[in-house]
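# Reading the structure
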Amino acid sequence: MSLKRTNSDLLFKKAKTLMPGGVNSPVRAFKNVGTDPIFFKSAKGPILTDEDNNTYIDFIGSWGPMILGHSNPIIVDAVKKQLELGTSYGAPTGIENKLAELIKIQVPSMQKLRMVNSGTEATMSCIRLARGYSGKNKIIKFTGCYHGHVDSLLVKAGSGVSTFGLPDSPGIPDELAKLTYSCPYNDVDSVTKVVSEIGDDLAAIIVEPIAGNMGFVPGQSHFLQTLRDLCDKTDAVLIFDEVMSGFRVSLGGAQEIYKIKPDLTALGKVIGGGLPVGAFGGKESIMNQLAPIGPVYQAGTLSGNPLAMSAGIALMTTLIDMNPFQSLEDSSKHLLSSIKEMCDAKGIPFSHASIGGMFGFFFSEELPNNFDEVVKTNDELFIKFFNTALKNGIYFAPSKYEAGFISTTHNSSILDQTIEKVNLTLKEF
Ligand SMILES: *Cc1c(COP(=O)(O)O)cnc(C)c1O
C-alpha cells in the first residue's frame, strides 16, 4: 500500500514559492524524516483527513492542544457563540477573568497571570520579567529544552558545561547569547557548578520540568528540587516552562506532580483549545513588576482575544470536569507496551514512557535521561518506523526529538486499530 499524495504534493510545491520551505513552522516540513509534508483539510476526534482524502490516527494533536480530540463540539459551540459577539475589542472582557481564574485555581503558584498569544511570548516575557525583577542578567537553561524561538533561549552549551552559551541560530548577537548558560538536563552537579561560577548575576533558571522537545524526557525529582534550592540560595527566579506539560500531564501541571513551586510559570498549547494563546504568571510580588503597575514593559494588541479565551474556557471547563489524565496515561501505556512486545519479538530495541496525555518512545534499550542520550538512540529505525506507520495511517511526530500526544477520543477501538497498524508496520522490518 502506498499513500496517494497528489494534492499534498501540488500544495507543497506552491507553498514553497510563498513561504520559506513551504511552511510557517519548521518541524512541519518533515525534513528529519526524508519525506515531504502532508497537507490537511479537516480533523475530527482522533482522525486527520488530508487533501487526498487519506485518513490518519493522530498522535500529535496539534503538538498538545487537542487533548479532547479535534473539533470538539463543546469548543466549536463556544467559539461560534463568541464569534457572533465580536472577535476583538482591544479592551478588557469578563472572559479573560474567567480563563485566568480557571488556570489559577488549578495552578496555585500562578497568583497573578497575564495572557499572551503564544508560548514563545510567554517564555520571552518571563525572562524579561525575571531580569527586571532581580536586577540581574544571566540565565541558565538546559540542553534539549526548547522554550520557543526567543533570542536568549535559542542557545546551546559549548562542549564543556561551564562554557559560555553559543547562539544556536545566526541573528542572535554573541553578547546576548553569552548571558545564557546551558547545562545538561537531569545533571545536578553541572548546574550546581555553573550557579557558583555565575555568582551574584543569576537572574533565572528556566526548565521544562517534563521535557517534550528532546523526545519525552521527564525531569528527575531530585534534579528539579535542586533547581528550586539553587534559586532560593541565590535569589534567582525559577521558571517552569509548562507550555507543553501544562494541562497535558495533570490539571496542576508538572509542578503538581513533583510538588515543587516555581516562581514563574509559562503556559500555552492546551489552554487555548487550539487557538493561539499563551499565559505566564507566578508570585504576586514578581508579577506586580509588570506594566502598567510596574516598570517592566509587556503588551499585546490581541492578548486575551475573545475567541481564544472562549475556546480556552470551554476546553478547560470540560477538562477539569473530566480529569482524564490517569485514563490517558493508561491508554498510552497500553499502546506503547503492545508496541514494545512486538518490537521485542523482532529484536528491535524499544523504550517508552508516559505521563498523563504525553508520551514518548525511543529506539533504544534504555530510556534516555538527557539530550546526549537521546541523540544516541537509533535514527534509522525511527525514520523507517515513522514513514511506514504514516503509510499505514498513523501520524506520529516526524522527529525523535518530539513527544507524542493522546486525546480522550483515542478510545479502545482507535487503540486497537493503531496496534494493528503498528503490527503491519513492523512486518516490514
Ligand atoms: C511549544 C513550546 C514553546 C513555544 O510555544 P509556541 O506557541 O510555539 O511559541 C515553548 N516552550 C515549550 C516547552 C514548548 O513545548
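The next subject is the sheet that holds strand E18 (residues 404-405). Sheet architecture is open: 3 strands sit in the order E15-E16-E18, paired in antiparallel fashion. Each having just a single partner strand, strand E15 (351-355) and E18 make up the two edges of the open sheet.

Another aspect to go through is the packing of aromatic side chains. Counting across every chain of the model gives 20 aromatic pairs. Relative to Phe386, the ring of Phe30 has its centre 5.4 Å away and its plane inclined at 85 degrees; by these criteria the two rings are edge-to-face. Residue Phe30 is found in the loop between helix H1 (6-18) and strand E1 (40-44), and its partner Phe386 is found in helix H13 (residues 379-391); the two are separated by 356 residues along the sequence. Both residues of the pair, Phe30 and Phe386, count as buried.

What follows covers the pairing of strand E12 (residues 237-241). E12 sits mainly inside the fold: 5 of its 5 residues count as buried. Neither face of E12 is exposed, since Val237, Ile239 and Asp241 on one face and Leu238 and Phe240 on the opposite face are all buried. Note that the unit made of E12, helix H8 (residues 253-258) and strand E13 (residues 264-267) has a crossover that is right-handed.

By size, the foremost hydrophobic cluster in this structure holds 105 residues, and its most contacted members are Ile140, Phe142, Ile205 and Phe247. Both of domain 1 (6-59 + 324-426) and domain 2 (73-322) provide at least three residues apiece to this core. The residues contacting Phe142, other than those within four sequence positions of it, are Ser182, Cys183, Pro184, Tyr185, Val191, Ile205, Ile206, Val207, Phe223 and Leu227. The next biggest cluster of nonpolar side chains, apart from the first, holds 22 residues, and it includes Val116, Ala122, Cys126 and Val237.

Attention shifts here to the site of the ligand. The full set of residues close to the ligand is Ser118, Gly119, Thr120, Tyr146, His147, Gly148, Glu208, Asn213, Asp241, Val243, Met244 and Lys269. Thr120 is positioned with one of its side-chain polar atoms (N or O) 2.6 Å from an oxygen atom of the ligand. With the chains in place, 82% of the 380 Å² that the ligand exposes on its own is no longer accessible.

Throughout the structure, instances matching the rule amount to 10 salt bridges. One salt bridge in this structure joins Glu197 and Lys193, with 3.9 Å as the shortest N-O distance. In this pair, Glu197 and Lys193 are both assigned in helix H6 (residues 188-198), 4 residues apart and thus about one turn of the helix distant. Taking the shortest distance from any N to any O, the salt bridge between Asp232 and Arg228 comes out at 2.8 Å.

Bringing the confidence of the model for the protein into the picture now. For the protein, per-residue confidence averages 95 on the pLDDT scale, and 97% of positions sit at 70 or higher. pLDDT under 50 marks residues 157-163. Its contacts with residues more than four places away, or in other chains, come to 15 contacts.

Between its terminal C-alpha atoms helix H2 (residues 73-85) stretches 19 Å, which fits the 18 Å expected from 13 residues at 1.5 Å a residue. Along H2, the positions that sit buried rather than exposed are Ile75, Val79 and Gln82. All buried residues of H2 project into a common sector of 65 degrees when viewed along the axis, lining one side. Turned more than 90 degrees off the buried face of H2, the exposed positions are Lys80, Lys81 and Glu84. Those residues of H2 that are buried lie in contact with helix H3 (94-106) and helix H10 (306-322). For H2, the capping residue at the N-terminal end is Asn72, with a side-chain oxygen 2.9 Å from the backbone nitrogen of Ile74. At the exit of H2 stands Gly86, carrying a positive phi of roughly 125 degrees.

Further remarks concern the packing of H6 against helix H7 (residues 221-234). Contact pair H6 / H7: the axes reach a minimum separation of 10 Å and the direction vectors enclose 10 degrees. It follows that H6 is roughly parallel to H7 by the angle criterion. On H7, the residues that touch Val188, Val191, Thr192 and Val195 of H6 are His222, Phe223, Thr226, Leu227, Leu230 and Thr234. A per-class count over the contact of H6 with H7 returns 6 nonpolar, 4 polar and no charged.

Across the interface, H13 lies against helix H14 (residues 412-427) with an axial gap of 9 Å and an inter-helix angle of 125 degrees. As summarised for this structure, H13 and H14 are arranged oblique, according to the angle between their axes. For H13 against H14, the interelement crossing comes out right-handed. Taken together, the residues of H14 that come into contact with H13 (itself represented by Phe385, Thr388 and Ala389) are Val422, Thr425 and Leu426. Residue composition of the contact of H13 with H14, grouped by class: 4 nonpolar, 2 polar and no charged.

Here the protein is described as being made up of domain 1 (6-59 + 324-426) and domain 2 (73-322). Here the C-alpha centroids of domain 1 and domain 2 sit 26 Å apart. Facing the 24 residues of domain 1 at the interface are 25 residues of domain 2. Carbon and sulfur atoms supply 70% of the area that domain 1 and domain 2 bury against each other, a total of about 1900 Å² over both sides. If you sort the residues of domain 1 by the area they bury against domain 2, Phe325, Ile355 and Met358 come out on top, with a joint share of 33%. The interface formed by domain 1 and domain 2 contains 0 salt bridges. Run the count over domain 1 and domain 2 and you get 7 residue pairs in polar contact (both at pLDDT 80 or more). Listing elements by their share of the side of domain 1 that touches domain 2, those giving two or more residues are E15, strand E16 (358-362) and helix H12 (371-376). Considering each element in turn, the side of domain 1 that touches domain 2 owes the most residues, 4 residues, to E16.

Quick notes on the rules
- Residues numbered from 1 in each chain as written.
- Predicted model: local features only at pLDDT ≥ 70, side-chain atom pairs only at ≥ 80, totals over all residues.
- Heavy atoms only, no water.
- Pairing = 2+ DSSP bridges.
- Helix = DSSP H or I, 4+ residues; strand = E, 2+ residues; numbered from the N terminus.
- Phe/Tyr/Trp six-rings, centres within 6.5 Å; stacked < 30°, edge-to-face > 60°.
- Buried < 20%, exposed > 50% of the residue type's maximum accessible area, 1.4 Å probe, protein only.
- Right-handed = clockwise from strand over helix to strand, strands pointing away.
- Core = buried A, V, L, I, M, F, W, Y, C linked by side-chain atoms within 4.5 Å.
- Domains from an automatic or database assignment.
- Contact = heavy atoms within 4.5 Å.
- Near = heavy atom within 4 Å.
- Polar contact = N/O pair within 3.5 Å; in protein donor to acceptor, adjacent residues only side chain to side chain.
- Areas by Shrake-Rupley, 256 points an atom, 1.4 Å probe, with all protein chains shown as cover.
- Salt bridge = Lys/Arg side-chain N within 4 Å of Asp/Glu carboxyl O.
- pLDDT = per-residue confidence, 0-100.
- Expected span 1.5 Å × (residues − 1).
- Arc of directions from axis to C-beta.
- Axes fitted to C-alpha atoms, helices over the stretch in contact; angles between N-to-C directions.
- Parallel < 35°, antiparallel > 145°, perpendicular 65-115°, else oblique.
- Nonpolar A, V, L, I, M, F, W, Y, C, P; charged D, E, K, R; others polar.
- Left-handed = near helix turned anticlockwise from the far one by under 90°.
- Buried area = accessible area lost by both parts, 1.4 Å probe.

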